[in-house]
Amino acid sequence: MIEFTNLNKWFGSLHVLKDIDLSVAKGEVVVVCGPSGSGKSTLIRCVNGLEPFQKGRLVVDGFDLGSRSARLRELRMEVGFVFQSFNLYPHKTALENVTLAPIHVRGLSKAEAEDRGRALLEKVGLADRMQNYPHQLSGGQQQRVAIARSLCMQPKIMLFDEPTSALDPEMINEVLDVMVSLAREGMTMMVVTHEMGFARKVADRVIFMDRGAIVETADPESFFTNPRSERSRDFLSKVL
Ligand code: ADP
Ligand code: MG
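By the naming in an unreviewed UniProt entry, the protein chain goes by ATP-binding cassette domain-containing protein and is assigned to Microvirga thermotolerans. In its Subcellular location (unreviewed entry) section, the UniProt entry covering the protein chain states "Cell membrane". As stated in UniProt under Sequence similarities (unreviewed entry), the record for the protein chain gives "Belongs to the ABC transporter superfamily."

As structure tokens, this is what we get:
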């Protein structure tokens, strides 16, 4: 589903992604961790075409992102993205937030989109919150609306960039639970997170990045119990 081959990216003179080789199969869950500034966000932003790159290759669900004619609009329909800040439309209800893109981008009828949207809001535990506006919802509820909004486009891949790091501690699990069930249903996911419990539970692989490079790739159990590099050991001693 996702194939990076020797990908390199610079921001001016800053070499922000270095020789990235990574492939993610359909249904796989890959957790990306590493210190702040190591390139995690930039890496996953490349996957839905938010960041151009200068060298190497990236193919996502058959879309070659290096080609000049890359059909980014089509690609973005296949790739959902959930950020740290929920970015809901403040003047739309939860249900309207979820159905807007399916109606305007996918061309669903309002009735179809609302059926789908209601089912998804139920699935994320917000059956009784559909008519609420974002300011009437807690952070954890808003983030679950944001996840339902992405899912309503029926993406093939979901990207998460520190989805729980803006949340109060008591709300983290309600969001992680939704992500766990998504993973168990077979969604292809790349997740930037420091929630090591989540990684242990559902990640097929953990990738540790430092200074723009993938320093270590391992299954979660061996990563946590026996990290190979000095830098990942140092990182784990800080987050665990
Ligand atoms: P992480 O998500 O691991 O914290 P980022 O991918 O956000 O790291 O950033 C990697 C590096 O690229 C950092 O040094 C950051 O300051 C830099 N960077 C990120 N975005 C930009 C940008 N738009 N322009 C210039 N430098 C950037
Ligand atoms: Mg980041």
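Structure shown, so let's carry the discussion forward.
> Report on the side chain of Glu78, specifying residues and quantitative values.
Take Glu78: it is sitting in helix 2 (residues 72–78). Comment: no salt bridge for buried Glu78; closest opposite-charge side chain is Lys156, at 4.1 Å. Residues in contact with Glu78, not counting those within four places in the same chain, are Asp61, Phe63, Arg106, Pro155, Lys156 and Ile157.

> I'd like a description of unusual backbone geometry, backed by residues and values.
Of note in this structure, Asn87 is not a glycine but carries a positive phi near 50°. In this fold, Asn87 is placed in the loop between strand 6 (79–82) and helix 3 (94–104). For Glu162, which is not glycine, the phi dihedral falls at a positive 45°. Mapped onto the elements of the fold, Glu162 is located in the loop between strand 7 (157–161) and helix 6 (169–184).

> I'd like to hear about the sheet that holds strand 4 (residues 55–60), residue by residue, with values.
In spatial order, the strands read 2-1-4-5; together these 4 strands make up an open sheet with antiparallel pairing. Both outer strands of the open sheet, strand 2 (14–24) and strand 5 (63–64), are each paired with one neighbouring strand and no more. Pairing analysis gives 5 bridges linking strand 1 (residues 2–11) to strand 4, with the strands arranged antiparallel. Note that in strand 4 the partner of Ile2 across the bridge is Val60. Contacting strand 1, strand 2 and strand 4, helix 1 (residues 40–47) runs over the sheet at an angle of about 125° to strand 1.

> Any details on the pairing of strand 4? Residues and values, ideally.
Judged from the 2 bridges that link them, strand 4 and strand 5 form a sheet pairing that is antiparallel. Bridge pairing in strand 5 links Val59 to Asp64. The antiparallel hairpin formed by strand 4 and strand 5 contains 2 residues in its connecting segment, where Asp61 sits at a positive phi of about 50°.

> An account of the pattern of salt bridges is needed here, citing residue identities and associated values.
Going through the model one piece at a time under the given rule, you end up with 16 salt bridges. The salt bridge partner of Asp61 is Lys156, with a shortest N-O separation of 3.2 Å. Placement of Asp61 in the loop between strand 4 and strand 5 and of Lys156 in the loop between helix 5 (139–151) and strand 7 is noted, with a sequence separation of 95 residues between them. Because the salt bridges share partners, they merge into one network encompassing Lys110, Glu114, Asp115 and Arg118.

Conventions we followed
The residue count restarts for each chain, going from 1 along the sequence in the order it is written. Going through the entries in the order they are written, you letter the chains from A and number the ligands from 1. Only residues with pLDDT of at least 70 are given local features in this predicted model, and only at 80 or more are side-chain atom pairs given and counted; all residues enter the totals for whole chains, interfaces and linings. Just so you know, side-chain values use all the structure's heavy atoms and leave hydrogens and water out. UniProt positions are given in the numbering used here, feature names are shortened, and annotations may be inferred rather than shown by experiment. Secondary structure elements follow DSSP: runs of H or I no shorter than four residues count as helices, runs of E no shorter than two count as strands, and numbering proceeds from the N terminus. Under the scheme applied here, a residue whose accessible area is under 20% of the maximum for its type counts as buried, over 50% as exposed, and between as partly exposed, the area being computed with a 1.4 Å probe on protein chains only. We treat Lys and Arg as the positive residues and Asp and Glu as the negative residues; His and chain ends play no part in the count. A pairing counts as a salt bridge when a side-chain nitrogen of Lys or Arg comes within 4 Å of a carboxyl oxygen of Asp or Glu. We call two residues in contact whenever any of their non-hydrogen atoms come within 4.5 Å of each other. Strands pair, by our definition, only if DSSP identifies at least two bridges between them. An axis is simply a line fitted to the C-alpha atoms; with a helix, the fit covers only the stretch in contact. Between two such axes, the angle follows the N-to-C directions and lies from 0 to 180 degrees.

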